[in-house]
Amino acid sequence: MTGEHPGPAAPPGGEGRPRRGQEGGRRRRRTAPRESSGLKGQAYYALVAGGVFLGLLTAWQNFRVGTYVMAASMLLGAALRVGLPESRLGFLVTRKKWTDVGTMAVLGTGLAVLAFLAPRGG
């Protein structure tokens, strides 16, 4: 013996290291690729983001109307997230479905309440 250690023995069954894509003998679940790509896949996101941007521009002249436009855009985004499949929503899909819906619904409702409670301009 020259002092070399032969290393760990292979496990029973002849398998050595886990194959690519397997962690600890488990297979990783693959996610389905998104069907839409490019501008077509981002149309609903552009609609919601454009509505919020339009509301911001409108709020400079009339705060209540601009805030209502932003609220409507956020609520539209929540409704789209509930009703359409993930493959068609582009960047509107960022987290789990109900996290996205809840966030947009709370923001939209909060903006609508803010617009309702804002004092009327003279």
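Residues numbered from 1 in each chain as written. Predicted model: local features only at pLDDT ≥ 70, side-chain atom pairs only at ≥ 80, totals over all residues. Heavy atoms only, no water.

Enquirer: Can you break down the packing of aromatic side chains residue by residue, with the values?
Expert: Think of a pair of aromatic rings as described by two things: how far the centres are apart, and how the planes are tilted against each other in angle. Overall, the coordinates contain one aromatic pair when judged by the stated rule. Summarising the aromatic geometry, the rings of Tyr-45 and Phe-91 are spaced 5.5 Å apart at their centres and angled 85 degrees between planes, so their arrangement reads as edge-to-face. One end of the pair, Tyr-45, is in helix H2 (residues 43–59); the other, Phe-91, is in the loop between helix H3 (63–83) and helix H4 (97–117), with 46 residues separating them in the sequence. According to the relative accessible area criterion, Phe-91 is exposed, its value standing at 53%. (Phe/Tyr/Trp six-rings, centres within 6.5 Å; stacked < 30°, edge-to-face > 60°. Helix = DSSP H or I, 4+ residues; strand = E, 2+ residues; numbered from the N terminus. Buried < 20%, exposed > 50% of the residue type's maximum accessible area, 1.4 Å probe, protein only.)

Enquirer: Summarise H2; cite the residues concerned and give the values.
Expert: Helix length check: H2, at 17 residues, gives a terminal C-alpha distance of 24 Å against a target of 24 Å (1.5 Å per residue), a fit within 8%. Along H2, the residues that are buried comprise Val-48, Gly-51, Gly-55 and Ala-59. Down the axis of H2, the sector holding all buried residues measures 65 degrees, keeping them to one side. Considering only its buried residues, H2 is in contact with H3. (Expected span 1.5 Å × (residues − 1). Arc of directions from axis to C-beta. Contact = heavy atoms within 4.5 Å.)

Enquirer: If you had to explain H3 to someone new, which residues and values would you point to?
Expert: The end-to-end C-alpha separation of H3 is 30 Å, in line with the 30 Å expected for 21 residues at 1.5 Å each. Residues of H3 that are buried: Arg-64, Gly-66, Thr-67, Met-70, Ala-71, Ser-73, Met-74, Gly-77, Ala-78, Leu-80 and Arg-81. In this structure, the buried side of H3 is in contact with H2 and H4.

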